[in-house]
Amino acid sequence: MSLAGKIAIVTGASRGIGRGIALQLGEAGATVYITGRKPEQSLNSEHGLTGLEETAEEITKRGGKGIARFVDHANMDEVKNFFEAVEQDHQGQLDILINNAYQAVTAISENMGKPFYETDPFIWDTVNNVGLRNHYFCSVYASRIMVQRNKGLIVNVSSGGGLRYLFNVAYGVGKQALDRLSADMAVELAKKNVCVVSIWPGPVRTELVDKMFKNPDGTPKEGVKNAMVFANGETVEYPGRAVVALAADPRRMDKTGRILITEDLGREYGFVDIDGVTPPNMRSVSFILQHLGWNTTANIVPNWVKLPGWCIWAGTSRL
Ligand SMILES: NC(=O)c1ccc[n+]([C@@H]2O[C@H](COP(=O)([O-])OP(=O)(O)OC[C@H]3O[C@@H](n4cnc5c(N)ncnc54)[C@H](O)[C@@H]3O)[C@@H](O)[C@H]2O)c1
């Protein structure tokens, strides 16, 4: 799937899922602008480069062109200036925007299990300023460029945590709002042929997730809730393969406004994870049982037994 000649932006790509998506877009030949705060050292930098600059180098090594730009996505002036610069660099061409930057993983893990009324209310801003408000601003600036050429793809990196309670109140509200943002922007962008979707990766083995759930020898931490679920999760590049498949699909407008589970896209487009494995799907019965802690029963249910999407929505409906 070649994306040669395409211009992409991935926000928050110094590590985690943003990095994985940026690498896969680069591998497909795209020019990829990646953003992150300055200075931001990667968790394991040996070369004196920031994590962001390392990602840009790796994109270029893989065949694309990686361009690192320091942008704080909590600062809307920096965001606006960044989009103006990209528009100028490429005479008004922007094909792909991946809204991924997220500032809240550490705050969420530090406040796990605390009810909202005992948590500092400013956690709302930590979770949703970069993870929701900024995505709206980025989408406005990207859409203004894309509609001129009557094409484009915007992907919001969301989560199944938008479906029902997970982690904390601010998190779930932000994710559900992000999915609604995709749906409502899709209505207004449909006649301009710009596709907007939310993707839901499953559990992903990011650097921060590994620190939380793995021992130094790589084995899952004993007695830590969900350690096994994350140990069997996606690599950061699997959502990237999903994005590349969507970007290369001439019929992607059929999907605009929808929530897309990464593993469903893997089945549809015929890709597996970079380690050769098909990760679990959050609609699969075995995954749901494992999430509930019923590991023995989960092990005997084959992975392909899945609940239909409507069944999951119906199960969480409050109407
Ligand atoms: N990790 C998972 O298992 C998982 C699963 C499903 C969905 N998600 C979603 O994927 C998204 C990314 O999560 P992640 O796990 O990769 O997080 P992460 O913390 O590993 O990465 C977030 C990225 O955003 C950047 N960032 C943070 N604040 C920024 C700011 N102010 N300006 C610019 N860049 C900033 C970070 O530097 C980093 O590159 C989130 O929306 C998350 O909810 C994660």
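Model, not experiment: these values are computed from the prediction. Residue indices follow the written sequence of each chain, beginning from 1 at its first position. Residues qualify for local features only when their pLDDT is at least 70, as the model is predicted, and side-chain atom pairs are given and counted only at 80 or more; totals for whole chains, interfaces and linings, by contrast, use all residues.

(A) The arrangement of the site of the ligand in detail. Here, nearness is defined through the C-beta atom: a residue counts as near a molecule or strand if that backbone-placed atom lies within 6 Å of it. Taken together, 30 residues lie near the ligand, and G12, G16, H73, Y102 and Q103 sit nearest. Counting from the N terminus, the helices are DSSP H or I runs at least four residues long and the strands are E runs at least two residues long. Of all elements in the fold, only α1 (16-27), β2 (31-36), α5 (123-149) and α7 (207-213) reach the threshold of two or more residues within the shell around the ligand. With 3 residues, the single largest contributor to the shell around the ligand is α1. Here the residues of the shell around the ligand are counted per class, giving 14 nonpolar, 12 polar and 4 charged. Any residue outside Ala, Val, Leu, Ile, Met, Phe, Trp, Tyr, Cys, Pro, Asp, Glu, Lys and Arg is labelled polar, Gly included; the first ten of those are nonpolar and the last four are charged.

(B) Expanded view of α5. Multiplying 1.5 Å by the residue count of a helix minus one yields the expected span of that helix. Here α5 is 27 residues long and its end C-alpha atoms lie 39 Å apart, about the 39 Å a rise of 1.5 Å per residue gives. When the local axis directions of α5 are compared, the greatest deviation, roughly 55 degrees, occurs at N129. Taken from the residues just after α5, N150 is the one with a positive phi, measuring 60 degrees. A residue's bend is the angle separating two fitted axes: one through the seven residues that end there, the other through the seven that start there.

(C) Inspection of the sheet that holds strand β3 (residues 65-70) at higher detail. Two strands pair under a simple rule: DSSP has to find at least two bridges between them. One open sheet accounts for 7 strands, arranged β3-β2-β1-β4-β5-β6-β7; its pairing is parallel. Of all strands in the sheet, those with a lone pairing partner are β3 and β7 (259-261), marking the two edges. Neighbour to neighbour, the strand axes of the sheet diverge by 20 degrees on average, direction disregarded. Two strands pair when backbone bridges link them, and β2 and β3 are joined in this way by 6 bridges, in the parallel orientation. By the bridge assignment for β3, V32 is matched with G66. Along the sheet, α1 contacts β1 (7-10), β2, β3, β4 (96-99) and β5 (152-157); its crossing angle with β1, the most-contacted strand, is approximately 165 degrees. Only C-alpha atoms enter the line fits that serve as axes; for helices the fit covers just the stretch in contact. Angles between N-to-C directions range over 0 to 180 degrees. Whether two residues are in contact depends on their C-beta atoms, placed from the backbone: they are in contact if these lie within 7 Å.

Note that every value here comes from positions in space, so none of it alone points to a role or purpose.
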